[in-house]
Amino acid sequence: MDTKLKRDFTKVCTDGWLQGWHERNGGNLSYRMKKEEVEEVKDLLKEDAAWKEIGASVPGLANEYFMVTGSGKYFRNVELDFEDNVAIIRLNEDGTKYQIVYGLVNGGRPTSELPSHLMNLEVLKKRDEGLRVVYHAHPANTVALTFVLPLNEEIFTREIWEMETECPVVFPQGIGIVPWMVPGGREIGEKTAKIMETKNVAIWAHHGMFVCGHDFDETFGLMHTVEKSAEILVKVMSMTDRKRNTITPQDFRDLQEPFHIELDEKFLYEKSSDRIGEK
Ligand code: 13P
Ligand code: ZN
């Protein structure tokens, strides 16, 4: 296979690896394919492969095709051997089963986070037909903050936004937080998909982050923006527990008109203290 989709998908895996977000088999990536992208590789697909249970029901994605990373596969290896590490799967007519129609040539199955990916992609398709990419990574600074900030979406969003003026422009809907849960199942998928109904970023406490986007650049860029801001916050908190200067609620409001964004006032509360992480 030699397609633009394969190259774009691979680039995220390599770039994420180079950022240090994918130790061992950490992280996974999925993409809801366009009709013309399926058509382009049609001759390579094995339509008679065995059907397997997804472990979730996603009727909104019935009969669709997805490119997904394999479970236990290393992002580092995707550019070295795409067909060993990545699959194209097709869903059945009620969105409860999948078959591997391409890839994972040495055996294996799609990512253990397939329920989360598909439940997110289903919600996102309803929200905006163009949202096709879901990306999960383990970026260290974002994960570190889940040990010290309250696991509260208002506080998390506000503290991350304050670290870089670009943040509210890049993710004006803010960040959702999933408390620690067992990964890999339907339950954590449901919690994450609930966040994706309105937001593009969900942080899994003590684990990692899920982001979505219209294309691979936008999706990778979103992960990068949140993690960069988290890194600045970790640096600031390493120096002090208080801020001397910061971006104020009014400063954020002033960004709305020139950048054509709308910020929910719940993130723009007046703080009762200058201590980081206090409301
Ligand atoms: P997979 O190797 O099954 O994709 O799992 C990696 C991971 O990050 C689980 O959350
Ligand atoms: Zn993970």
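In what follows, the accompanying structure is described. These numbers come from a predicted model, not from an experiment.

1. Here's the deal with the overall build of the protein
Consideration 1: Per the secondary structure count, the protein includes eleven helices and nine strands.
Consideration 2: Over its C-alpha atoms, taken along the principal directions, the protein stretches across nearly 60 × 35 × 35 Å.
Consideration 3: Relative to its 279 residues, the protein shows a buried fraction of 54%.
Consideration 4: Contacts in the protein between residues at least 24 apart in sequence constitute 72% of all its contacts with a sequence separation of at least 6.
Consideration 5: In the structure as shown, the protein presents an accessible area of about 12600 Å², 49% of it carried by carbon and sulfur atoms.
Consideration 6: Distance between charge centroids for the protein: 3 Å, based on 35 positive and 47 negative side chains.

2. What to know about the coordination of the zinc ion (ligand 2)
Consideration 1: The coordination sphere of the zinc ion (ligand 2) contains the protein donors His136 (NE2), His138 (NE2) and His207 (NE2), at a distance range of 2.1 Å.
Consideration 2: Expressed as a motif, the donor residue spacing for the zinc ion (ligand 2) is H-x1-H-x68-H. Taken together, the residues histidine 138 in the loop between strand 6 (133-137) and helix 6 (140-145) and histidine 207 in the loop between strand 8 (201-204) and strand 9 (208-213) connect sequence positions 69 residues apart.
Consideration 3: For histidine 138, a relative accessible area of 18% gives the class buried.
Consideration 4: When its relative accessible area of 19% is taken as the criterion, histidine 207 is described as buried.

3. Thoughts on the sheet that holds strand 2 (residues 52-53)
Consideration 1: Taken in spatial order, the nine strands of this open sheet run 2-5-4-3-1-6-9-8-7, and their pairing is mixed. The open sheet is flanked by strand 2 and strand 7 (175-178), the only strands paired with a single partner.
Consideration 2: Taken together, the five bridges between strand 6 and strand 9 define a ladder with antiparallel strand orientation. The partner of tyrosine 135 across the bridge, within strand 9, is valine 211.

4. Here we look at the pairing of strand 3 (residues 65-69)
Consideration 1: Counted residue by residue, strand 3 has five buried out of five residues, so it is predominantly covered.
Consideration 2: Here strand 3 shows no split at all, with Tyr65, Met67 and Thr69 on one side and Phe66 and Val68 on the other all buried.
Consideration 3: Here three bridges tie strand 1 (residues 28-32) to strand 3, and the two strands are oriented antiparallel to one another. Paired with serine 30 across the bridge in strand 3 is valine 68.

5. As for the nonpolar core
Consideration 1: Core analysis: the biggest nonpolar cluster contains 53 residues, and Phe9, Leu29, Ile88, Tyr135 and Phe171 have the highest contact counts within it.
Consideration 2: Element by element, the count of residues in this core is highest for helix 10 (residues 216-239), at eight residues.
Consideration 3: Grouped together as the second largest cluster of nonpolar side chains are 30 residues, Leu114, Leu121, Leu131 and Ile188 included.

6. Topic: the site of ligand 1
Consideration 1: The local shell around ligand 1 consists of Asn25, Gly26, Gly27, Asn28, Ser71, Gly72, Thr111, Ser112, Glu113, His136, His138 and His207.
Consideration 2: Measuring from an oxygen atom of ligand 1, one finds a backbone N or O atom of glycine 27 at 2.9 Å.
Consideration 3: Separating an oxygen atom of ligand 1 from a side-chain N or O atom of serine 112 is a distance of 2.7 Å.
Consideration 4: In isolation ligand 1 offers 310 Å² of accessible surface; the protein chains occlude 91% of this area.
Consideration 5: In terms of residue class, the shell around ligand 1 is built from no nonpolar, eleven polar and one charged.

7. So, the side chain of asparagine 85
Consideration 1: Its location among the elements puts asparagine 85 in helix 4 (residues 82-85).
Consideration 2: Here asparagine 77 takes part through its backbone oxygen, which lies 3.2 Å from a polar atom of the side chain of asparagine 85.
Consideration 3: Ignoring sequence-local partners within four residues, the contact set of asparagine 85 consists of Thr69, Gly70, Lys73, Tyr74, Asn77, Val78 and Leu104.

Rules behind the numbers
Residues numbered from 1 in each chain as written. Chains lettered and ligands numbered in written order. Predicted model: local features only at pLDDT ≥ 70, side-chain atom pairs only at ≥ 80, totals over all residues. Heavy atoms only, no water. Helix = DSSP H or I, 4+ residues; strand = E, 2+ residues; numbered from the N terminus. Buried < 20%, exposed > 50% of the residue type's maximum accessible area, 1.4 Å probe, protein only. Contact = heavy atoms within 4.5 Å. Areas by Shrake-Rupley, 256 points an atom, 1.4 Å probe, with all protein chains shown as cover. Lys, Arg positive; Asp, Glu negative; His and termini not counted. Charge placed at Lys NZ, Arg CZ, Asp CG, Glu CD. Donors = N, O, S within 2.8 Å, 3.2 Å for Na, K, Ca; no water. Pairing = 2+ DSSP bridges. Core = buried A, V, L, I, M, F, W, Y, C linked by side-chain atoms within 4.5 Å. Near = heavy atom within 4 Å. Polar contact = N/O pair within 3.5 Å; in protein donor to acceptor, adjacent residues only side chain to side chain. Nonpolar A, V, L, I, M, F, W, Y, C, P; charged D, E, K, R; others polar.

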